[in-house]
Structures are given as C-alpha cells and as structure tokens.
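# Tertiary structure, described
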Amino acid sequence: MANTQKRGSWLIGLLAWLVACILFFPIFWMFITSFKTEVAAVATPPQLFFTPTLENYIDVQARADYFNYAWNSVIVSLGATVFALLLAVPAAYAMAFFPTKRTKSTLLWMLSTKMLPSVGVLVPIYILGRESGLLDTRIGLIIIYTLINLPIVVWMIYSFFKEVPKEILEADRMDGATTYQEVVYVLLPLALPGIASTALLSVILSWNEAFWSLNLTTFDAAPLTAFIASFSSPQGLFWAKLSAASTLAIAPILLFGWFSQKQLVRGLTFGAVK
Amino acid sequence: MSTVVLKDIHKTYTDTEIIKGIDLDIKDGEFVVFVGPSGCGKSTLLRMIAGLEDITSGDLMIDGERMNNVPPDERGLAMVFQTYALYPHMTVAENMAFSLRLAGVPKAKRYERAKEVGRILQLEPLLDRKPGALSGGQRQRVAIGRALVRNPKVFLLDEPLSNLDATLRGDMRLELANLHNSLGSTMIYVTHDQIEAMTLANKIVVLQGGVIEQIGEPMELYHHPRNRFVAGFIGSPKMNFLSVKTISVQDSQTTLRLPGDASVTVPVQPTLSVGDRATLGIRPESLRVDAINPTLMGEILVVEHLGDVTYLYVKVAGGDTLIVETEGNRPVAVGDRVPIYIDGNLCHLFDADDNAIPKIQQQHLTLEKTNER
C-alpha cells in the first residue's frame, strides 16, 4: 500500500517536472537565442552550444529606447492596479457583506464582459480615445487596463472577503467601528494576502497586455509589449534581436513574479484549506 | 442601573416570522439565560438586542431609553460571540483594547486598561500573543476580556461555551458565574444547554418557535413547568411522559389509568373530566425501583452507570420507555424485569393541549434556611 503510494507520488513528480520543462522551454530558448548571432539563431539544426554575444542587446538599445518603454510599462501596470483596487475594494465589500438579490447576477455580468472579444470594441474605443485626446497617453492606457482587469479583480477580492467570518465584522461593529474603520483596521489586514495576490495578478495581466497597447499607443505611452512588436519585421534576419527584446521585456515581470511567488500561491489558494 | 425591556418584539425575514411577540423585563444585575432548541429564535433575539439585526416591530428599551434605531456601539452593550470572533491580526492586548482605539483613547491608557482586564482574567502573560497562539479557553477569555474593557451596561453572550470541550466548559461556567457575582452587571446569555441555563441563570427564558414558553427562576421551571415543552426541556435526563386516561376526578386528587392496567393518583386541581386523555410527566429521579409496592413492571433495555447513580431505560406496558434513576451500586442487568413505583405526589399532569394542570400544593423550591443547618 505504502509502496504504491510512493510510486504514485514519484510518477506525479516526474509528470510535474515534464510539464514544467515544456512550459519553460520556449523561455529558455528565447533567452539563449538572444545571445546568438542572427545567423546562429536560424541555423539548422538548432545550436545549443555557441559563442555568446551581447550585440543583439546593443543593437536593440540603439534602435529603441528600452527604458522609455519599460518605464511606461511600470507606470501603466501599477497605475491600472491601483485604480482597479480602489474601485474593486468598495464594490467587493458591498457585494460580500451587503448582498442583494441581484449581487450574484451582477458578478456574473461583470465576468461576462471578459468574454467579449476585444477587437469587437476596438473601433469605438479608438474613436473615443481619439476624441478625448487619450490616444498614446499613459492615462488612456491605465483607464483601459483598469476596466479590463476590473471584473477579475472584483471577483477575487469578493471571494477573499467572503472568507472573512461575519462575526469578526459584527464584533468590530459592537466595538464601535465605522465602515471606514472596519475596512481599514479589520477587513483589509485580514484579506491582505488575497489583496496582494490580486494586485500581483493585475500587474502581471497589465504588463503582458498587448492588444490595446499596440492599437492605442505609438511611442509616448508605448509599453514593452509594443517594444517587442517593433522588432518583428516581415523580412531580414531578426530572430536574435527579437529574442533579446523579448527577454528584456519579460525579465522585470519574471523577476517580480519569482520574488512574489510565495505570496501569489498563498493568495490564490487562500481559504482552500481551512 | 441597567435594565433591558422588550415590548412586543417581532422579527420577520421575508415573510417568515422568526420572533413572534416577545415581552420581557430584565432587571439590573440579573443573569438572564435564553434557552431553547436550535431555531427557536434565541440568538436572533440576542442579536436584535445587540443591534446586529433590525427589529421589525416592538420596542427595545435599555435603561428606559428606546434603542431600536441606535447603532450597536451606542447601546452600551458588549457581546461575546460563539466563535469568539477575535481579530486574528491583533495581539491579545490589541484585541481587548480595540474599542478604546476606535474611541480615540491614547495608546498608553489603552494598554493600561487591557492589562487591568488581563489581570482579572489571568491573561497577563499572554497580552502580546496573537489569538492563533492561544488555546480555546484562552481565546474565550480574550473574548470576554474584550467585552469587559468597554465597561458595558449589559453583557450579551451568544453560546460562549459551546466550542469548548466538556471539562473546560465546566471551568468556564464557574468563571462566568464568579465574574457575574463580582461585577454585578446585567448579563444576557444564550444557550441550548439546559445545564448552563440552570447553573448560571437568575432567570431563565425558555423559547420555542419564536415565543416565550415560560420565564422563571431555574428551580421554579424545574418544579413548576408551565407546559410539557418546558417540563421536557429542563432537567437531565429529561422527564418521562406517559399517555394516561382520567378515571376519577375529586376536589384534591385525580386518578389516572396508565398504559397496562396500573393507576396513579395525582394531587392536582380538578380541571379534567373522567375519560379525558392527559399526559403524566415524571422525572427519572422521582421514579423508584420498589418490589414491595410496584406501580408497574418493566424490562430493562439499557443500563447507564454514572458512578453515583445508574440510569435504567425500562420498557413498560404500552411500549413506552421510562428512564429511572437508581443508586449507583444497584445490581441490574439488561433484560431484568424491574418493579417501578410511581409516587403520584411527584408527578406532573398535562392536559390534551400540553398545558400543566396546577397542583393542589406548590412544591417548595428550596428548603427553608433554618432547616439547612
């Protein structure tokens, strides 16, 4: 019995490693390609061993100002996350603790907006952006990102708030807490792991968003996704440079995700095991 | 001076009436226990007093002031929750002093007060711990401490002991009783456990289906239950009930036929008529195994040895099972036939509507003080 269990967990471990390797391989390949020459990058059979070069990184920086894009990404991701949280916390508070007959359907409706293909509203959004002068501005992008992430952010915070025992909030009301005090002193500290992981997710989603950033920005507000895209060209050798650009673009968020991994996992499984 | 008065209190949740008109007068310093089966509305009633639930109609007066629309924290109450509801991210001291923090009391003063209450509840060495590092009993004390800090007019306790194990529950019961004696404040306590109700209360309120079945002192409820529900709810093990038929009614006694062919004469007011159906109630401690003078015979189904006493579950004619309390060392075995004596003077009689028929002479609740010596 113990033996089969052991073998089972060993098999699952192997499977997990396999899946992890498959998922990681493209990133690994992109990373090493970024240190190859353009010729080596397209060589068949692909080369695993080569003399690394930094010329792609130098070229990339010479052609486009990486830090401009990176800074835009940082501002837009953080800005959108802060806005989304500011809107979502009160919304989730109301829905979690003062639900009405329509709360559930409101939540579902919010989620359903995520099912609409973005391209379906591209033209109206573009025209709205143009008319309001928000095209290629960070604030324009922040507004769009806030809106597209809001349903997920509300849902997550709502479910974290649901985990907070009702009695604790009743206790603070008996202790004389106003709504503001209740949220700030009791609810937010209790839901902090959940809110942190929601924020992380929102940052990651915003950072990786490409559709709207490519369509609504040109240079001033263009984030790293636009930076990568600018290195794909229909002709010539560009794989190594594209890899270098991609590596530069994903490195910050990858490191960010890596360092916050513990928080992220804890938040996403929050309440799963009591 | 802190009194609580409920006048015709009702509570309706979307068409369902939970509380159906409660009138209650709680005097200063009283320990009142709301007791009843789950779903009887006792917790809802407490939460309405606390201000956590709206009052659909009726008046709630605390110290003579109408409190229906006053927010919970301004009613001068403190509540202890069944789940303790401590703030997990705060230390014991912070938990207890949270209400003071909200009221803007300076930090040093708050801590001083938390320490003072901690001393009363023997929590001093734990003041800097978080609730997660405490045992169930300690958490319970912190919850009580949080209530104490506020110096409330009235303490509300919602099944505070039900999450504790049996030993600890007994200890905490004693502590609560001591606390009440030393503070002298008004306490309202909700429980489904009739032993807690009997041991703690000055006044028990028995609730069922959103109405009060009876209000009284513990011994009053034990000796003079107003109806069959109260009789069955108060006392452990619960009262035995037998369906009986009235065979003779006189001014001072009524004789009843038991299932089988035995009869019992009970000294009650002559409100029944010959032929009426009624229910005879008799507590296990009032039944005797008596070979000389048996009222009826029965067969033992189960024997429960508790040490000092033994409970026999005896099947009698008519199929009813009676619980009989006997001395702990009585040699009995399952399957034995035992003679049982029913003393009519110790019986309760309930009419067809389950209301108690008044006895000719009221039982003394306690012995006179002079007899005690």
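About the criteria used
Residues numbered from 1 in each chain as written. Chains lettered and ligands numbered in written order. Predicted model: local features only at pLDDT ≥ 70, side-chain atom pairs only at ≥ 80, totals over all residues. Pairing = 2+ DSSP bridges. Helix = DSSP H or I, 4+ residues; strand = E, 2+ residues; numbered from the N terminus. Axes fitted to C-alpha atoms, helices over the stretch in contact; angles between N-to-C directions. Buried ≥ 20, exposed ≤ 12 C-beta atoms within 10 Å, placed from the backbone. Contact = placed C-beta atoms within 7 Å. Nonpolar A, V, L, I, M, F, W, Y, C, P; charged D, E, K, R; others polar.

### Structural notes on the sheet that holds strand β13 (residues 263-266) of chain B
Residue and element names in this part refer to chain B.
- Taken in spatial order, the five strands line up as β13-β12-β11-β14-β20 in an open sheet, and their pairing is antiparallel. If you trace the sheet from one side to the other, it starts and ends with β13 and β20 (348-350), each paired once. The average angle at which neighbouring strand axes cross in this sheet is 40°, direction not considered.
- By the bridge criterion, six bridges tie strand β11 (residues 240-249) to strand β14 (residues 277-282) in an arrangement that is antiparallel. Pairing of lysine 245 across the sheet is with arginine 277, part of β14.

### Details of unusual backbone geometry
- Following A:Thr44, the chain continues to A:Pro45 via a peptide bond in cis, the omega torsion being -10°.
- Look at the link from B:Ser236 to B:Pro237: it is a cis peptide, with omega at -5°.
- Its place among the elements puts B:Pro237 in the loop between α8 (228-233) and β11.
- Positive phi outside glycine occurs at B:Thr14, with the angle close to 25°.
- With respect to the element layout, B:Thr14 can be found in the loop between β1 (4-13) and β2 (16-26).
- Take B:Thr14: there are 4 C-beta atoms within 10 Å of it, and that puts it in the exposed class.
- Located in the positive-phi region is B:Asp354, a residue other than glycine, with phi close to 70°.
- Tracing the sequence through the fold places B:Asp354 in the loop between β20 and α9 (369-372).

### Quick word on the sheet that holds strand β19 (residues 337-342) of chain B
All names here are of chain B.
- Pairing is antiparallel in the open sheet, where five strands are placed in the order β15-β19-β16-β17-β18. With one partner strand each, in any of the chains shown, β15 (287-289) and β18 (321-327) form the two edges of the open sheet. In this sheet, neighbouring strand axes are inclined to one another by 45° on average, regardless of whether the strands run parallel or antiparallel.

### A look at the pairing of β1(B)
All names here are of chain B.
- Where β1 and strand β4 (residues 57-62) come together, five bridges link them in antiparallel fashion. Note on β4: the bridge partner recorded for valine 4 is isoleucine 62.
- Where β1 and β2 come together, eight bridges link them in antiparallel fashion. What sits directly across from leucine 6, in β2, is leucine 24.
- Connecting β1 to the antiparallel partner β2 that follows it, the hairpin turn spans two residues, and threonine 14 within it adopts a positive phi of roughly 25°.

### Some thoughts on the interface of chain B and chain A
- Taken together, the contact pairs 16 residues of chain B with 14 residues of chain A.
- Those elements that place two or more of their residues in the side of chain B that touches chain A are β6 (77-80) and α2 (92-102) of chain B.
- For the side of chain B that touches chain A, the leading source of residues is α2(B), giving three residues.
- Residue classes in the side of chain B that touches chain A are distributed as 12 nonpolar, three polar and one charged.

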